[in-house]
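Read off the chains here:
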Amino acid sequence: MHHFDYRQDRLYAEDIDISALAEKVGTPFYVYSEATLRRHIKVFSTAFADTDALVAYSVKANPNLAVLRILASEGAGADVVSAGELTRALHAGIAPEKIVFSGVGKTTEEMEAALNAEIYQFNVESAPELEALNNIAGDLDKIAPVAIRVNPDVAAGGHDKISTGRKEDKFGVPWTNARALYARAREMQNIRIKGVDLHIGSQIADLAPFETAFEKAAGLIKDLREDGCTIERLDLGGGLGIPYGAGTIPPHPNDYAELIKRVTAPLDVQLIFEPGRMIAGNAGLLVTKLVYVKEGEARKFLIVDAAMNDLIRPALYDAHHDIIPVKRDMDAVNARYDVVGPVCESSDYIAKARNLPEMAPGEYMAIMSAGAYGASQSSQYNTRPLIPEVLVNGDKHAIIRRRPTFDEMTALEHYPDWID
Ligand SMILES: *Cc1c(COP(=O)(O)O)cnc(C)c1O
């Protein structure tokens, strides 16, 4: 559920008229609904309110500081995958004892920063990473709290590029090596084993792969305890899908929670979750303007002012985003269009062969479900400035990231002194 709806055929974000906002801010831009963000984190947390659970929002889904601060105020922690994200989470007011650090390639500098910040948990993804963390913690005279991310070899996720829990994927420690690595970890002076971690993919639309993977994790915990390991936590990652308007409807968080409680009840562990998309995805949309209607020989194109550098999901994952007009005209006739941006790549499209009402240049469209992995994956390719992010709360709005100037976009570049 989200707070983007038509009122008398004009699209609103909460109580803000999006056409008026577009006139003020200039397109393209992202708009986020604070009520929706708060609602999603509450729905997720409430589903686990009767268990010992830490909800660590996956910062990479939408790392805007204002978004993080809103989620922090709802009690969320953070799952970070870089020193930059760690700094963001701390800056936004998320307590270090609610921060977990994931990722296959943590560097020395990143481990030092996280140890110095005294975060809650390192999710370690390989034997060499475990060695490195032990050494670095030793140098700093710290103890690193660790969960080992295991790869349960389960296929899940809406697309090949977002499946992370198969044995061919780079993530996690191979299932068959997990017990041996825990045994080694127990011997390490500056490592304290806290738990087991897994994250099997993203945009997962049914419960079956979760169930298979979580059952395997529960079995591993039993084995590890038999080996003498103390396992107090189970980090189940993120990955719960959201409705994008096409394809299957993913499970409700309550059904996901019911499954998890059934599988984990006998284990007596704290549960950790790392939801990203589920919190931010449907809390944002991308507003764009129609620039030209172009009749190709085989296709009709709507050329809009948003492009793959603003929203790369269609190009990267063949992702579907619903597109709706900001001013609805019930009488308009539909035609089949490719919606494309101005970037010089054939992969620069938002939608292909989509039925849309006829629109005139200058009219606005909303690209739905763009709050997660939208702004966070954007770039300045083609020297297109990063686009503004606007937060709406009732009838108030604030620009929470503004458009950079040309001077800001090029501020880090220099002419070498040997060229006049
Ligand atoms: C990306 C990621 C998440 C969040 O995934 P969603 O599908 O957005 O919920 C959680 N944990 C890890 C380790 C990730 O890499």
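Everything numeric in this text was worked out from a predicted model, so none of it was measured.

Where the residue is not glycine, phi is negative for most of them; where a peptide bond is considered, it is trans in most cases. With an omega of -10°, the peptide bond running from T27 to P28 counts as cis. Among the secondary structure elements, P28 is positioned in the loop between α1 (18-25) and β4 (29-33). Phi at D268 is positive, roughly 55°, even though this residue is not glycine. Residue placement: D268 occurs in the loop between α9 (253-264) and β13 (270-273). Of the residues examined, D268 reaches a relative accessible area of 68% and is grouped as exposed.

Cross-referencing UniProt, the feature "binding site: substrate" (unreviewed entry) maps to R277, R313, Y317, E345 and Y373 in the present numbering. The named residues occupy 97 residues along the chain; their greatest pairwise C-alpha distance, 26.7 Å, places them well apart from one another. Topologically, R277 is positioned in helix α10 (residues 277-280). Turning to its location among the elements, E345 is positioned in the loop between β17 (334-340) and β18 (349-357). Look past the residues within four positions of E345 in its chain and what remains in contact with it is M308 and Y381.

Our next topic: the pattern of salt bridges. Inspection of every chain in the model, using the stated rule, returns 19 salt bridges. As a salt-bridge pair, E74 and R38 come within 2.8 Å of each other at their nearest N and O atoms. Residue E74 is found in the loop between α3 (65-73) and β6 (77-80), and its partner R38 is found in helix α2 (residues 34-47); the two are separated by 36 residues along the sequence. What makes R38 partly exposed here is its relative accessible area of 23%. Close ionic contact of K42 with E74 constitutes a salt bridge, the shortest N to O distance being 3.7 Å. Taken as a pair, K42 in helix α2 and E74 in the loop between α3 and β6 lie far apart in primary sequence, 32 residues in all. Overall, K42 belongs to the partly exposed group, its relative accessible area being 45%. Residue classification places E74 among the partly exposed residues on the basis of a relative accessible area of 24%. Sharing partners across several salt bridges, the network here consists of E34, R38, K42 and E74.

Bringing helix α4 (residues 83-91) into the picture now. Because an α-helix completes one turn every 3.6 residues, residues spaced three or four positions apart along the sequence face the same direction. Buried within α4 are the following residues: E85, L86 and A89. Across the axial projection of α4, the buried residues extend over an arc of 105°, all falling on one side. Residue G93 follows α4 closely and has a positive phi angle near 100°.

Taken together, 14 residues lie around the ligand, and K60, S202, E274, R277 and Y373 are the ones closest in. Separating a nitrogen atom of the ligand from a side-chain N or O atom of E274 is a distance of 2.6 Å. Coverage of the ligand by the protein amounts to 93% of the 380 Å² it exposes when considered alone. Split into classes, the residues belonging to the shell around the ligand amount to 2 nonpolar, 7 polar and 5 charged.

Below, the discussion takes up the packing of aromatic side chains. Aromatic rings considered in pairs are described by the distance between their centres and by the relative angle of their planes. By the definition in use, this model includes 10 aromatic pairs. When the ring of Y30 is compared with that of Y32, the centres are 6.2 Å apart and the planes differ by 25°; the resulting orientation is stacked. Y32 matches Y30 in its accessibility class, with the two residues each being buried. Grouping aromatic residues by their ring pairs yields a cluster made of F44, F48, F210, F214, Y256 and F273. Sitting over the face of the ring of W175, K216 holds its NZ or CZ atom 5.0 Å from the ring centroid. Positioned above the aromatic ring of Y349 is the side chain of K352, whose terminal nitrogen or guanidinium carbon lies 4.2 Å from the ring centre.

Let's shift gears to the domain arrangement of the protein chain. Reports often express the size of an interface as the amount of accessible area lost when the parts come together. Taken as a whole, the protein chain is organised into domain 1 (4-32 + 281-410) and domain 2 (103-273). Here the C-alpha centre of domain 2 lies 36 Å away from the C-alpha centre of domain 1. Taken residue by residue, the interface counts 10 residues in domain 1 and 8 residues in domain 2. When domain 1 packs against domain 2, close to 820 Å² is buried across both sides, 54% of that on carbon and sulfur atoms. When the buried surface of domain 1 facing domain 2 is broken down by residue, N282, Y317 and H320 rank first, second and third, together holding 47% of it. Counting across the domain 1 and domain 2 interface gives 0 salt bridges.

Cut-offs used in this document
- Residues numbered from 1 in each chain as written.
- Predicted model: local features only at pLDDT ≥ 70, side-chain atom pairs only at ≥ 80, totals over all residues.
- Heavy atoms only, no water.
- Helix = DSSP H or I, 4+ residues; strand = E, 2+ residues; numbered from the N terminus.
- Buried < 20%, exposed > 50% of the residue type's maximum accessible area, 1.4 Å probe, protein only.
- UniProt positions renumbered as here; feature names shortened; annotations may be inferred.
- Contact = heavy atoms within 4.5 Å.
- Salt bridge = Lys/Arg side-chain N within 4 Å of Asp/Glu carboxyl O.
- Arc of directions from axis to C-beta.
- Near = heavy atom within 4 Å.
- Polar contact = N/O pair within 3.5 Å; in protein donor to acceptor, adjacent residues only side chain to side chain.
- Areas by Shrake-Rupley, 256 points an atom, 1.4 Å probe, with all protein chains shown as cover.
- Nonpolar A, V, L, I, M, F, W, Y, C, P; charged D, E, K, R; others polar.
- Phe/Tyr/Trp six-rings, centres within 6.5 Å; stacked < 30°, edge-to-face > 60°.
- Lys NZ or Arg CZ within 6 Å of the ring centre and 35° of its normal.
- Domains from an automatic or database assignment.
- Buried area = accessible area lost by both parts, 1.4 Å probe.

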